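# Architecture and fold: a report
Each chain, letter by letter, is given below.
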Amino acid sequence: DTGVSQDPRHKITKRGQNVTFRCDPISEHNRLYWYRQTLGQGPEFLTYFQNEAQLEKSRLLSDRFSAERPKGSFSTLEIQRTEQGDSAMYLCASSLGTGSSDSPLHFGNGTRLTVT
Amino acid sequence: KNEVEQSPQNLTAQEGEFITINCSYSVGISALHWLQQHPGGGIVSLFMLSSGKKKHGRLIATINIQEKHSSLHITASHPRDSAVYICAVNSGGGADGLTFGKGTHLIIQP
């Protein structure tokens, strides 16, 4: 068990560019979450997958944001036409869940995005 | 939408002190998580609980469902306990992610 891994750890991009982040969850975990955390704040929910299905999207996720989990394993989060307000830590977490119950979440170390 | 409030926001204590961090929420939940976040972003899940009390080493977490309140206690605190402690709640169904508190920044001085 190598835990949840996220790539890259840091990303600096210019405003208007597109960026893509990757998350590799714990292999047997069926649920995968994306969160965003800005300085001094707790994480905010962005979106959630159960296997390959995207079941929930936060209102925070504008149409510039898209997430996929094509084979129910790794996930990607893409931000198009980045804005300075997108600068944040993007956290991925996974869990093993059935129905309404969930195992404890395992978090990756996050991808820190800086938009200049 | 569940509102999660943590107190205190910042806490500085001396090594060896007993630490209590509080979390209250506004809507009934299916589970509450206590998380530890160190500088650099890594988050570790400490506890997930839906009733009663859990203990792991020097850490104790309690929850009172009727009062919509949870506490995280650290006994015999140590400088390595310095971190941000975050309370997060799952409001049910498992499909809505978590609602997080803003965190309590704890510093334990030697």
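### Structural notes on the overall build of chain B
Regarding its fold elements, chain B presents 0 helices and 11 strands. N-terminal to C-terminal, the α/β element order of chain B is β-β-β-β-β-β-β-β-β-β-β. For a compact globule of 110 residues, the expected C-alpha radius of gyration is about 13 Å, and chain B comes in at 13 Å, within 12% of that figure. Along the first, second and third principal axes, the C-alpha set of chain B runs to 45 × 30 × 20 Å.

### As for the pairing of strand 5 (residues 43–49) of chain B
Residues and elements named next belong to chain B. Taken across its 7 residues, strand 5 has 5 buried, putting it largely inside the fold. Across 6 bridges, the pairing between strand 4 (residues 31–37) and strand 5 is antiparallel. The partner of W34 across the bridge, within strand 5, is F47.

### What about the confidence of the model for chain B?
Residues at a pLDDT of 70 or more form 94% of chain B, whose mean pLDDT is 91. Averaged pLDDT values for the elements of chain B fall to 88 in strand 10 (residues 99–100) of chain B and rise to 98 in strand 8 (residues 69–74) of chain B.

### Topic: the pattern of salt bridges
All names here are of chain A. Tallied over the entire structure, the rule returns 4 salt bridges over all chains. R22 is paired through a salt bridge with D24; the nearest N and O atoms lie 2.7 Å apart. For R22, a relative accessible area of 33% corresponds to the partly exposed category. In this structure D24 comes out as partly exposed when scored by relative accessible area, which is 26%. Linking R64 and E83 is a salt bridge whose minimum nitrogen-to-oxygen distance equals 3.4 Å. Note that R64 is positioned in the loop between strand 6 (53–57) and strand 7 (65–68) and E83 in the loop between strand 8 (75–79) and strand 9 (88–95), a separation of 19 residues in sequence. On the accessibility criterion, R64 (10% relative accessible area) is buried. A relative accessible area of 40% places E83 in the partly exposed class.

### A short note on the side chain of T82(A)
All names here are of chain A. With respect to the secondary-structure elements, T82 resides in the loop between strand 8 and strand 9. A polar contact of 2.9 Å, which involves the side chain of T82, links it to the backbone oxygen of Q17. Discounting residues that sit within four places of it in the chain, T82 has contacts with T13, K14, R15, G16, Q17, V19, R64 and V115.

### Notes on unusual backbone geometry
Going from D7(A) to P8(A), the amide bond is cis rather than trans, its omega being -5°. As for its position among the elements, P8(A) is in the loop between strand 1 (5–7) and strand 2 (10–13). Following S7(B), the chain continues into P8(B) via a peptide bond in cis, with omega recorded as -5°. Summarising the element assignment, P8(B) is placed in the loop between strand 1 (4–7) and strand 2 (10–14). One non-glycine residue, R81(A), adopts positive backbone phi at about 50°. Looking at the secondary structure, you find R81(A) in the loop between strand 8 and strand 9. Given a relative accessible area of 46%, R81(A) falls into the partly exposed group.

Conventions adopted
Residue numbering note: each chain is counted from 1, following its sequence as written. The naming scheme follows written order: chains are lettered A onward, ligands numbered 1 onward. In keeping with the predicted nature of the model, local features appear solely for residues at pLDDT of at least 70, side-chain atom pairs appear and are counted solely at 80 or more, and the whole-chain, interface and lining totals rest on all residues. Hydrogen atoms and water are omitted, and side-chain values are computed over all heavy atoms in the structure. Here a strand is any run of E in DSSP of at least two residues, a helix any run of H or I of at least four, and the numbering for each starts at the N terminus. For this measure, only C-alpha atoms enter the radius of gyration; the expected value for a globule follows 2.2 Å times N^0.38, where N is the number of residues. Accessible area is worked out with a 1.4 Å probe on protein chains only. A residue is then buried under 20% of its type maximum, exposed over 50%, and partly exposed in between. At least two bridges found by DSSP between two strands is the condition for calling them paired. Confidence of the predictor at the level of single residues is given by pLDDT, which spans 0 to 100. A carboxyl oxygen of Asp or Glu within 4 Å of a side-chain nitrogen of Lys or Arg is what we treat as a salt bridge. A 3.5 Å cut-off defines polar contacts: any pair of N or O atoms within that distance qualifies, except that in protein one atom must be a possible hydrogen donor and the other a possible acceptor, and neighbouring residues in sequence count only when both atoms are side-chain atoms. Every residue pair with non-hydrogen atoms within 4.5 Å of one another is taken to be in contact.

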